[in-house]
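# Fold and contact review
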Amino acid sequence: MKPWLWLVVFVAACALVPVFGNNYALRLATIMCLYAGLALSWNFIGGMAGYPSFAAAAFFGLGAYVSAVLQSKGLPIGVTWAAAGLGATVFAALIGMAILHLKGHYFAIASLAVVEVLREVVNTAEDLTGGGMGMNIPLPGMPVDVQARLFFFAMLTMTVLLLAVTIVVSRSKLGFGLRCISQNEDAADILGIDTTFYKVAAFCLSAFGVAVIGAIYASWVQYIEPPDVFDILYSVKPLVMVLLGGLGTIFGPVIGAVIYLALEELVWRNFLTVHAAVLGGLIVALVLFLPNGIGAVIRDRTKRAAVRS
Amino acid sequence: MIYFQVLANGLVLGGLYACIAVGFSLVWGVLNVINILHGTFIVLGSYIALFSYNLLGIHPFVSVVTAGAALYLIGHAVQSTLVNRVIAAPVLMTLTLTFGLDLLLNNLMLVAFKADYRKLVLENPLGQLEIGPVFMPLDRVAAMGLALLLTFLLYRLLRDSRIGRAIVAVRMDREAASLMGVDVSRINAVTFGLGAMMAGAAGSLLSIVYPISPLNSGMFLGKAFVICVLGGLGSVPGAIVGGLALGIIESFGAIWFGPEHAVTISFALLILILIFRPAGLIGKRGFE
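Reading the values: the criteria
Residues numbered from 1 in each chain as written. Chains lettered and ligands numbered in written order. Predicted model: local features only at pLDDT ≥ 70, side-chain atom pairs only at ≥ 80, totals over all residues. Heavy atoms only, no water. Helix = DSSP H or I, 4+ residues; strand = E, 2+ residues; numbered from the N terminus. Rg over C-alpha atoms; globule rule 2.2 N^0.38 Å. Buried < 20%, exposed > 50% of the residue type's maximum accessible area, 1.4 Å probe, protein only. Contact = heavy atoms within 4.5 Å. Areas by Shrake-Rupley, 256 points an atom, 1.4 Å probe, with all protein chains shown as cover. Lys, Arg positive; Asp, Glu negative; His and termini not counted. Charge placed at Lys NZ, Arg CZ, Asp CG, Glu CD. Core = buried A, V, L, I, M, F, W, Y, C linked by side-chain atoms within 4.5 Å. Buried area = accessible area lost by both parts, 1.4 Å probe. Polar contact = N/O pair within 3.5 Å; in protein donor to acceptor, adjacent residues only side chain to side chain. Nonpolar A, V, L, I, M, F, W, Y, C, P; charged D, E, K, R; others polar.

## Some details on the overall build of chain A
The helix and strand tally for chain A stands at 16 helices and two strands. Taking 309 residues into account, the globule formula puts the C-alpha radius of gyration at 19 Å, and chain A, at 19 Å, falls close to it. With respect to the principal axes defined by its C-alpha atoms, chain A has extents near 60 × 45 × 40 Å. Every one of the 309 residues in chain A was classed for burial, and the buried ones make up 54%. Sequence separation of at least 24 residues holds for 79% of the intrachain contacts in chain A that already meet a minimum separation of 6. Approximately 13,300 Å² of chain A is accessible, and the part contributed by carbon and sulfur atoms is 69%. Positive and negative side-chain charges of chain A, numbering 17 and 15 respectively, have mean locations separated by a distance of 16 Å.

Here you go:
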C-alpha cells in the first residue's frame, strides 16, 4: 500500500500549488509534471526493460504535431490529446517490432535515427505542418490564468496516471518480465517470457506517455516547430532524471525530475551563457559519483544507520 | 554525363567521410564506447586549422599534424582520467558520460569561438582538375587523398605495430589480452587518443570544404553513426566502404530527391540496415 500513499501525498502537494503559489510557481510546477511524466514514461523501456532508448524526442514531437494538426482542423483539444497518444502507441508498436531485436548501442542508435527521420519528415511535409515555419495553435479562447491552470492540471493528471500505471506494472507479470529481460534476456526467453511482446509493450507505454505530454505541451506553448519539439534533449533529459532518481524504481523518476528541475532553474538563472556546460558537468559528475542515483545513496545511508543501531 | 560529376563529388566527399568515421568506429569497436564527443573533436580540429591559417599562414594540410597531435593529447587525457573509471559499466553510463562531456566542451567552444559560421578561404587554391566531363577543385581532391592516406596509415599502425596489435587484441578479448600482459587501461587511453587524433585530422581537412561552427558537431556525429552502421563496426576497411557509400548516396540522393532530403535518406537507410544487416554491408565483424 505504501506506494499508493506516496502517490496521494504527491498529488496533494502538487494540487496546492495553484491555490497558494504565484504564476511563476504554477509554471514551474507544470514543467515539473512534464519532466516527471517524461521520466516515468522513459522508465518503462529504459529503466525496467534496460533498453537505452533515445526515441522519446520522436514520440514527443509526434504527439505535439498530431495534436496540433488535428486542432487546426477544428477538433476539440481533449480529443486531439487522446489521438496523439493512440497514434504514437501504434507508431511505437510498428517501430518497436522492427528495432527492439537490436541490443545495446545498436538499439540506442536506431532509436536516435527515428528522431532524425521524423524531424526531417515533419520539416518537409510543409502542407500539413508548415515545415520549418512551425505551427501556431489556435487559442481555446479563455483567460490566460485559467489556461495556465488548465494545462497544469492536464499535466498533473497525466503524471499521476503514469505513476499509477508504473505502480501497477511493477507489481504485475509485465513488470516482472521486464526486469527479467533487463537482467538476462536470453534466460528470460528460455523461461518462457514472450520477450518481443514484453519489450514492445514497454515501448508502447513509453510512447503513449511521452506523446500525450508532448500534445499537452504543444497546446500549452501554442507554437511549435520541428527543432523545438524534436529536440534530442527530450530524449536525454528523462534519461538523466531517471539516472538521478534510480533506474527501474517507482518514485525514482519523479524524485529525479524534481532534482533535475531545481538544478536546471539554478543553472539557467546564474549561468545563462554557459548553462549547457554546467549541465554537462553535472551529468559527468552524476555518472562518475552517483551511478545508481540519489535514491541508492539514501537507501544505503538508512541501511547503514539501521546496522549501527 | 552529369552522373560522372555526381559520382566524383560523392567519392571526394566519401573519402573525407571515411576519415571522419574511422576514429569513431575504432573507439566504438575496441572500447565499446559511443563517443558523443567525436563531432566536437572534429570541429575543434577545424578551428585549429582555421586559426593556424589566419594567424600564422599555415596551410590546413600541414595543420593536420598539429590538430591530430593536440586532439590525441585531449583524447588520451579524457579516457585515462574519466572514461576509464566507468568503462565496465553498462552502455548507458559511458554514453551518458560522453554526452555530458560533449555538452561541456561544445558550450565552451560556443563561448570561445561564437556560433558564427566561418569559412577558411585559401589564398592560393591549387586550381581545377579536369577529367573528361568532370570538374573538381584540386584542393578537395588533395584533401580526399590525404584523408585516405591517414586512414591507410591507421590501418598499417593497427596491423604492423606492437601497440596496434595490442589494440586489436583488446578488441578481440579484453580478459585474454589482459592475461597476456597487455595493460588494458593504457591501451584504452591510446585507442581513445587515436580516435580523437583522426577526428582532429579530419576536422583540419574538412575546414577547406565545410563552413566552421560548433553547431556542426551534431551533423558530423550523425554521419559517423551512419557510416559505422553502413560499413560495419570497428574495422578500417568498413569505415572506408561506409564513408564512400554515404558520400555517393548523399550526392545522388541530393540530385534525385533534392538536397533537403539528404539527411532523411541517410538516416532511413541506417534504420533499414540495422534491421536487415546489423553487421554492416561488408557483413563480417572486422578486427583491424
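Right, picking up where we left off after that structure.
## Comments concerning the nonpolar core
Where a protein is soluble and globular, its nonpolar side chains tend to be buried together. Ranked by size, the top nonpolar core spans 199 residues in total, and within it Phe203 and Ile224 of chain A together with Phe225 and Leu270 of chain B carry the most contacts. Of the residues forming this core, the biggest block, 16 residues, is contributed by helix α11 (residues 195-221) of chain A. Not counting chain neighbours up to four residues away, the residues in contact with Phe203 of chain A comprise Ile45, Ser53, Ala55, Phe59, Ala92, Ile95, Gly96, Leu100 and Phe107 of chain A. Listed in part, the five residues of the second largest apolar core include Ala8, Val12, Val134 and Met136 of chain B.

## Focus: the interface of chain A and chain B
Reports of interface size often rely on the accessible area that becomes lost once the parts have come together. Taken together, the contact between chain A and chain B spans 39 residues of the former and 34 residues of the latter. Around 3,200 Å² of area is buried between chain A and chain B when both sides are counted, 85% of it from carbon and sulfur atoms. The largest per-residue losses of area from chain A upon contact with chain B belong to His105, Tyr106 and Ile109 of chain A, which jointly make up 22% of the total buried on that side. In this assembly, chain A and chain B are joined by two residue pairs in polar contact (both at pLDDT 80 or more). Counting only elements with at least two residues in the side of chain A that touches chain B, the list comes to α5 (77-99), α6 (104-124), α13 (233-245) and α15 (275-289) of chain A. Considering each element in turn, the side of chain A that touches chain B owes the most residues, 14 residues, to α6 of chain A. The residue inventory of the side of chain A that touches chain B, partitioned by class, reads 29 nonpolar, eight polar and two charged.

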